[in-house]
Every structure is written in C-alpha cells, then in structure tokens.
Amino acid sequence: MAKSVPITVAHGDGIGPEIMAATLHILKAAGANLEIETIDIGEKVYLSGNTAGIEPSSWDSLRRTKVFLKAPITTPQGGGFKSLNVTVRKTLGLFANVRPCVSYHPFVDTKHPVMDVVIVRENEEDLYAGIEHRQTEQVMQCLKLISRPGSEKIVRHAFEYARRNNRKKVTCFTKDNIMKLTDGLFHKVFDEIATEYPDIENEHWIVDIGAAKLADTPEIFDVIVMPNLYGDVLSDVAAQIAGSVGLAGSANIGEHVSMFEAIHGSAPRRAGQNLANPSGLLLGAVMMLVHIGETEVAERVHNAWLRTIEDGVHTYDIYEDGKSKEKVGTKEFADAVAARVGQLPQTLKAVQYKAAAELAPTAKSAGQTRARAKKDLVGVDVFLDWTKGSADDLGDALSKLSGDGTKLEMMSNRGVKVWPGGHAETFCSDHWRCRFLAEPLGGKVSHLQIISLLQRFSDAGFDFIKTENLYNFDGERGYSLDQGA
Ligand code: NAD
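On a predicted model such as this, the values are computed, not experimentally measured, just so you know. (Residues numbered from 1 in each chain as written. Predicted model: local features only at pLDDT ≥ 70, side-chain atom pairs only at ≥ 80, totals over all residues. Heavy atoms only, no water.)

Asker: Would you mind going over the site of the ligand in detail, with residue names and values included?
Answerer: Within the structure, the ligand sits among 18 residues, and Gly265, Ser266, Ala267, Asn277 and Tyr316 are positioned closest to it. For the ligand, an oxygen atom lies 3.4 Å from a polar atom in the backbone of threonine 75. Between a nitrogen atom of the ligand and a main-chain N or O atom of asparagine 277, the distance comes to 2.8 Å. For the ligand, the accessible surface in isolation is 810 Å², of which the surrounding protein chains cover 63%. The residue makeup of the shell around the ligand, split by class, is 7 nonpolar, 7 polar and 4 charged. (Near = heavy atom within 4 Å. Polar contact = N/O pair within 3.5 Å; in protein donor to acceptor, adjacent residues only side chain to side chain. Areas by Shrake-Rupley, 256 points an atom, 1.4 Å probe, with all protein chains shown as cover. Nonpolar A, V, L, I, M, F, W, Y, C, P; charged D, E, K, R; others polar.)

Asker: Can you tell me about the environment of lysine 70, naming the residues and giving the values?
Answerer: Note that lysine 70 resides in strand β3 (residues 67-70). At 2.8 Å, the side chain of lysine 70 and the side chain of glutamate 261 are in polar contact. (Helix = DSSP H or I, 4+ residues; strand = E, 2+ residues; numbered from the N terminus.)

Asker: Describe the confidence of the model for the protein, and please don't skip the residues or the numbers.
Answerer: For the protein, per-residue confidence averages 93 on the pLDDT scale, and 96% of positions sit at 70 or higher. Contacts from residues 357-363, a stretch scored under 50 in pLDDT, to residues over four places away or in other chains number 8 contacts. (pLDDT = per-residue confidence, 0-100. Contact = heavy atoms within 4.5 Å.)

Asker: Tell me about the packing of aromatic side chains, and please be specific about residues and values.
Answerer: Describing an aromatic ring pair means giving the distance of the ring centres and the angle of the ring planes. Under the defined criterion, the tally for this structure stands at 11 aromatic pairs. Their ring planes at 75 degrees and their centres at 5.4 Å tell us that tyrosine 46 and phenylalanine 81 sit as a pair that is edge-to-face. On the criterion of sequence distance, the pair formed by tyrosine 46 in helix α2 (residues 43-47) and phenylalanine 81 in the loop between β3 and α4 (84-91) is long-range, its members being 35 residues apart. Given a relative accessible area of 1%, tyrosine 46 falls into the buried group. Relative to phenylalanine 464, the ring of phenylalanine 457 has its centre 6.5 Å away and its plane inclined at 80 degrees; by these criteria the two rings are edge-to-face. Site record: aromatic cluster; members linked through ring pairs are Phe436, Phe457, Phe462 and Phe464. Directly above the aromatic system of phenylalanine 383 lies the positively charged group of lysine 466, at a separation of 5.0 Å from the ring centroid. Arginine 477 extends its terminal NZ or CZ atom over the ring of tyrosine 479, reaching a point 5.9 Å from the ring centre. (Phe/Tyr/Trp six-rings, centres within 6.5 Å; stacked < 30°, edge-to-face > 60°. Buried < 20%, exposed > 50% of the residue type's maximum accessible area, 1.4 Å probe, protein only. Lys NZ or Arg CZ within 6 Å of the ring centre and 35° of its normal.)

Asker: Run through the nonpolar core, naming residues and quoting values.
Answerer: Within the largest apolar cluster, 76 residues are counted, with the highest numbers of intra-cluster contacts made by Leu69, Tyr104 and Trp305. Residue contributions to this core peak at 9 residues, all from helix α9 (residues 279-291). In this structure, Val380, Leu394, Phe436 and Phe457 belong to the second largest nonpolar core, which totals 24 residues. (Core = buried A, V, L, I, M, F, W, Y, C linked by side-chain atoms within 4.5 Å.)

Asker: Provide a residue-level description of the sheet that holds β3, including the pertinent values.
Answerer: Ordered by their spatial adjacency, 10 strands build an open sheet running β2-β1-β3-β12-β11-β4-β5-β10-β8-β9, and the pairing between neighbours is mixed. Either end of the sheet is taken by a strand with one partner, and the two such strands are β2 (34-39) and β9 (201-206). For this sheet, the mean angle separating the axes of adjacent strands, direction not counted, is 20 degrees. Where strand β1 (residues 5-10) lies against β3, 3 bridges are found, and the strand directions are parallel. Along β3, the bridge assignment pairs alanine 10 with lysine 70. Taken strand by strand, α4 contacts β3, β4 (94-102), β5 (116-122), β11 (249-254) and β12 (258-262), and its axis lies near 155 degrees from that of β12. (Pairing = 2+ DSSP bridges. Axes fitted to C-alpha atoms, helices over the stretch in contact; angles between N-to-C directions.)

Asker: Give me the lowdown on the packing of helix α5 (residues 148-164) against helix α6 (residues 182-194), citing residues and values where you can.
Answerer: Viewed as axis vectors pointing N to C, α5 and α6 meet at an angle of 45 degrees, and their least axial separation amounts to 9 Å. When the axis of α5 is compared with that of α6, the two are oblique. Viewed along their axes, α5 and α6 form a crossing whose handedness is right-handed. When α5 is examined against α6, the residues Arg148, Ser151, Glu152, Ile154, Val155, Arg156 and Phe159 are found in contact with a partner set consisting of Leu185, Phe186, Lys188, Val189, Phe190, Glu192, Ile193 and Ala194. Its residues assigned to classes, the contact of α5 with α6 comprises 9 nonpolar, 1 polar and 5 charged. (Parallel < 35°, antiparallel > 145°, perpendicular 65-115°, else oblique. Left-handed = near helix turned anticlockwise from the far one by under 90°.)

Asker: Explain the domain arrangement of the protein to me, using residue names and the numbers behind them.
Answerer: The assigned domain composition of the protein is domain 1 (5-363) and domain 2 (375-477). When domain 1 packs against domain 2, the two sides together hide about 630 Å² of surface, and 48% of this comes from carbon and sulfur. Of all residues in domain 1, Gln135, Thr136 and Gln138 give up the largest surface area on contact with domain 2, accounting jointly for 63% of the area buried on that side. Linking domain 1 with domain 2 are 0 salt bridges. One can count 5 residue pairs in polar contact (both at pLDDT 80 or more) joining domain 1 with domain 2. Tallied by class, residues from the side of domain 1 that touches domain 2 come to 1 nonpolar, 4 polar and 1 charged. (Domains from an automatic or database assignment. Buried area = accessible area lost by both parts, 1.4 Å probe. Salt bridge = Lys/Arg side-chain N within 4 Å of Asp/Glu carboxyl O.)

Asker: Would you mind going over the pairing of β3 in detail, with residue names and values included?
Answerer: Every second residue of β3 is oriented toward a common face, with Val67 and Leu69 on one face and Phe68 and Lys70 on the other, all of them buried. Of the strand pairs in this sheet, β3 and β12 are connected by 4 bridges, and their pairing is parallel. The residue bridging lysine 70 from the neighbouring strand is glutamate 261, located in β12.

Asker: Report on a nonpolar patch on the surface, specifying residues and quantitative values.
Answerer: A cluster of nonpolar side chains, Leu229, Val233 and Val237, forms an exposed patch at the surface whose accessible area comes to about 190 Å². Looking at where valine 237 falls in the secondary structure, it is placed in helix α8 (residues 228-242). (Patch = residues over 30% accessible without salt bridge, like charges linked within 9 Å, V, L, I, M, F, W, Y side chains within 5 Å.)

Asker: Can you lay out the pattern of salt bridges for me, pointing to particular residues and giving the numbers?
Answerer: Scanning the entire structure with this criterion turns up 26 salt bridges. One salt bridge in this structure joins aspartate 222 and arginine 167, with 2.9 Å as the shortest N-O distance. In this pair, aspartate 222 sits in the loop between α7 (207-216) and β10 (223-226) while arginine 167 sits in the loop between α5 and β8 (169-174), placing the two residues 55 residues apart along the sequence. With respect to class, aspartate 222 is no different from arginine 167; both count as buried. For glutamate 468, the salt bridge is made with lysine 466, and the minimal N-O distance between the two is 2.8 Å. Taking the relative accessible area as the measure of exposure, lysine 466 reaches 17% and is therefore buried. When salt bridges with common partners are traced through the structure, they connect Asp109, Glu320 and Lys323 into a single cluster.

Below is the structure:
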C-alpha cells in the first residue's frame, strides 16, 4: 500500500464540523490514504483573544504537512479581528486561487446548462497589495502592483492546471488597452508562457467584454486566468451563474503549502441541524487529492458524487419537487455518496484524473534567468496638492522651476493632460501631476538634479505630496503617457 499522505484539517465553525465529518467519511470510503493532523481555527481562537484566529502552533502543522483542508469559519462581528483567509493566504504565499464553476443540468437548476469553467485568480498582487494613501483633501490613491515573477507563476499554474485536468483552452482577461504597463505585463507574460504549451489553445479578452461573454455564454470558456481584482469579482459571478454556489470548491495554491475549501461560509443559521450540503468542501477535497497525487481516489469520489446528484439524492438547498428524488440531511448525503464509490454518472460526464499523475514535469520559469534591463532615469513626476488657480496659472509658476537639467514637460490632473494646451472643460481636482524631463530632451537625470528640483518646489512654497521617477528600460519607456498627450 502506498505511503499515507499527511494533511492538516480544520473543522471550522457553524456547519463546518458537519460538512467536514461528511467529507472525511466519503474520502475514507473511497480509500484515501491520509494521515490527518487536526488544528483549531476560527471563532473559538478569535474569542480566546487571538486576533488572527489561528494559534501560532498551527503554522507548524501547516508547514509540516503542506496541505490544508479547511472548513468554513465564522469571523466574529466587531473590530479587531483579522480575516483568517487573508492571513493564511498572505503568510503562506498562496498565489493561485482555483475555482471550478460547473453546472449540473438537468439535476440542479442553472441558467447555463453546459457551463464548465475554471477561474484561476492571481491571489497576492494587483490592487490587493493594500498600499493606499490619502494624498490631498480630495484624492485617495491605491497602488496596483503587477510583477513579472507573480504573473509568470499564476499563468504557468493555469496552463499546468489545464494540462493536468484534460482542459483544452486557457483564456486570459486583462484591461491592457487602458493599463498598458500593469495589465500589459500580465498579458505579455501570458503570450510568452502560452508558447510553452502548444497542446493547449490560448486567447486573450479585454476583461469587460470577456466578463459579459462569461455571464452570457460561459460554454465558450474553459480555464480563465486573470489578475486579482477581476478574478475576485468574476469567480463569484461564475459560481453564481453556474447555479451552484453551495456546490463549488476551491484551491489556494502556494509554492510550499496549499489550502482547499468550499467557497461558501459557515452558514451559522443552518448549523447543528444535519441540513448543510457538504458538496463544496467535498469538491475542494477532490482538488486536494489530485494535488497530492491520489488521482484515482479523486476520480472515485468525484464520480460517486456526480452519480449521487444524478440519482436525485439532494440536500435542502438544491432539492426541488419533481426533479429531486430524495431530500436528505448532511449525514445521509455522505452515506449516499460513499455507497456509490466505484460507480460512474450516467448522464453527466464522468471525470478523469488518472492521467494527471503520468504527465511529464514541464520546464521551470525562465523568469529567474532573465538579464536585468539597462535602466535610465530620464525624468520625474512631481505630484502636488494645489488649489490656487487654473492649470495655466500653475503651468506658468512651475515653468520658472525648470533648470539645472530638468524642464517642465506637461501637467495632468487625474490622468488628463491640462498643460500645455489643456481644455477649459476638464475638471481639475487638487491633485496635480507635473512631469519634468531631462533638458536637453532624451538625456538622463540624476538623483541630485531631482533633489535640487524638489528644493526649488519647496522654496517656492509648493506642497509636493509624492514623486515618481521616470525610467527607460533598455530604451523602452517605463511610464505611461497621458490621455490627451
Ligand atoms: P454563507 O456562505 O455562510 O451563507 C450564505 C447562504 O448560503 C445562507 O443562506 C446559507 O444558509 C447558505 N449556505 C451556505 N453554505 C451552505 C451549505 N453548505 N449548505 C446549505 N446551505 C448553505 O455566507 P454568510 O451567511 O454571508 O456568512 C456566514 C459566516 O461565514 C460569516 O461569519 C462569514 O465571515 C463566514 N465566511 C467564511 C468563509 C470561509 O471561511 N472561507 C467564506 C465566506 C464567509
């Protein structure tokens, strides 16, 4: 018999303990070879005074087993409690969120009878770095950070997932027609990595029309990879329109540790009544089995579950008179799935994971070995908090600060060019970007020249709120131009 695989299990709050018991019962019946370490997380831990909701010792278990099967938890109301999911995700570097959104027509009500889409969401970067500043009376800023290594990791994961799971196509959603540098990088990395997977089709959609298509015609998509914010929004949309929020599981994948769970919460009002549907957690556990290489068990569990759904054995949340055959509780549902281990669905498509383990390992990222580009400082954007007049007034005043190798090139307000040659209709806030480039144009600027420019700003009584250096990388512009520029 193969060596058993250690995993860490948290039973969670609300319906958590019931759906976890049901899930573990089914995994055992299907012959999963697991060595379970149990940890406490959630409400009890929060209320004991631990604001993170997880004991320091639990991290040791997670680092040891590297696999976390987690039931939903309740975050207590009131301030001071940190989201456990965010803490776990950030602490363990869980860079990929993978969420299959599948409809089970005609057995479970759905708007889209043939939907079978997997959303792969980047989990660590983008606007979720949490770097926000209030810069003026009127303007707040949130930094959107997209890195090449981060993009490479998530895109590669999407293609690897597709290959492992017999998927045919990976689609990328970005908004790189507007965010040419950040989303542009994500798209570029997608195109580069796609060439390493000639067996898998690839395509890119602008996220707005892509999202509309996903909501309207999900059957044209297979695996979709996207940056954090779009993924956050669209993975919920996709799960909801599949008609089966209570049936969806998800994986949070890291380089060292990975976490598997249901997408729903702890549903406290349903707790302790043997009512909850354990399917979301069970399908999360199926992803875990594939992840740890127990692909045959994963296949047995998933197919037995599909057969149960098909046989009309349903918990209250998906039960429908006429369509369903038997309304069951959590325990009875688990027994029904366990009794069907070894059976295949008759109408729904049976899943196949067996081939996954036989895949050859793929080449690792080339990202680490890239030569660093030659970086030239060519100017600086100085941001001002200023309310004393028009764009032309400010332009006149700042033109006098040019000199010592830098020259005012243009000014913008909320990204729209307002000097020189602005339009009277453009609304101006108190937040101005003033771009100084090397003089003569095309040359380089030194840190000292920027410091001396800022000294002149300060001497003239301007409130500069931040600066952003302007670089060229191997001669290619590393900053955006303005709308209207
Ligand atoms: P929820 O997902 O717990 O419940 C939403 C609705 O779906 C409820 O009507 C509930 O009865 C139903 N439902 C959810 N799962 C079900 C299941 N398995 N079977 C049958 N019905 C089910 O969302 P909520 O009510 O907004 O949140 C409750 C608690 O869960 C909150 O404390 C929240 O912070 C927490 N939460 C935890 C996680 C997590 O641990 N990953 C995720 C989301 C919410």
